[in-house]
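Each chain, letter by letter, is given below.
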Amino acid sequence: MPTKKPVVLGLAVGGVGLVVAAALTVPQVVDWYQGRHLAEAEYSSGGEAKKARDSVPRWLPDEATAVKYRMSTTGGDRLLKATLADGKLPAGCREGAGGGRAHLRADWFPKGTDREGTAACGAYNVVLKGNDLYAWQDHADWVKANQAGSDAP
């Protein structure tokens, strides 16, 4: 009668191998899953950004420089950073904090910035830090603006 120890030992070793493989693979799968519906680009000017991508907001001045843009391809969540020569809000923007939070993250968009909004530009919440403009759009705000017939982008 053969012993059952080699079978049990083989199953245990195989189980440990599966756990290790899963631990190494799952983080990569999560990163892929979370990032598969994102698009990101950099532009030398606001004019170039608006020409390249219809979803870049029209209120962004053509003269803005160092434009960084990240968007969800499945909704209205957006992040935007641009340098403004005069450090003033673009035309059409209004003072007053908006309500939406940023649901996207980017290395170039400082953590907590979406809690500092001091203005609104279209459906975007905005904060100026020196000459740098940081803007974010929440999907729910985008939907509301589009239902109202606003030019949300």
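Quantities reported herein were computed from a predicted structural model and do not represent experimental measurements. (Residues numbered from 1 in each chain as written. Predicted model: local features only at pLDDT ≥ 70, side-chain atom pairs only at ≥ 80, totals over all residues. Heavy atoms only, no water.)

Q: How would you sum up the sheet that holds strand β2 (residues 65-72)? Please name residues and give values.
A: The strands making up a sheet associate through hydrogen bonds between their backbones, and the pairing can be parallel or antiparallel. One open sheet holds the seven strands; their spatial order is β1-β2-β3-β7-β6-β5-β4, and the pairing between them is antiparallel. Of all strands in the sheet, those with a lone pairing partner are β1 (38-45) and β4 (94-95), marking the two edges. In the sheet, β4 pairs with strand β5 (residues 119-121) via two bridges, with the strands oriented antiparallel. Along β5, the bridge assignment pairs Glu95 with Ala119. (Pairing = 2+ DSSP bridges. Helix = DSSP H or I, 4+ residues; strand = E, 2+ residues; numbered from the N terminus.)

Q: How would you sum up the state of the cysteines? Please name residues and give values.
A: Summed over all chains, the structure comprises one disulfide. A sulfur-sulfur distance of 1.9 Å marks the disulfide that ties Cys93 to Cys121. Disulfide Cys93-Cys121: the torsion about the S-S bond is 115 degrees, which places it as right-handed. Of this pair, Cys93 sits in the loop between β3 (78-83) and β4 while Cys121 is found in strand β5, placing the two residues 28 residues apart along the sequence. An identical accessibility class is assigned to Cys93 and Cys121; each is buried. (Disulfide = S-S within 2.5 Å. Buried < 20%, exposed > 50% of the residue type's maximum accessible area, 1.4 Å probe, protein only.)

Q: Report on the confidence of the model for the protein, specifying residues and quantitative values.
A: Residue-level pLDDT values for the protein average 83, and 73% of them are 70 or greater. When the criterion is pLDDT under 50, residues 29-34 qualifies, and its contacts beyond four places in sequence or with other chains add up to zero contacts. (pLDDT = per-residue confidence, 0-100. Contact = heavy atoms within 4.5 Å.)

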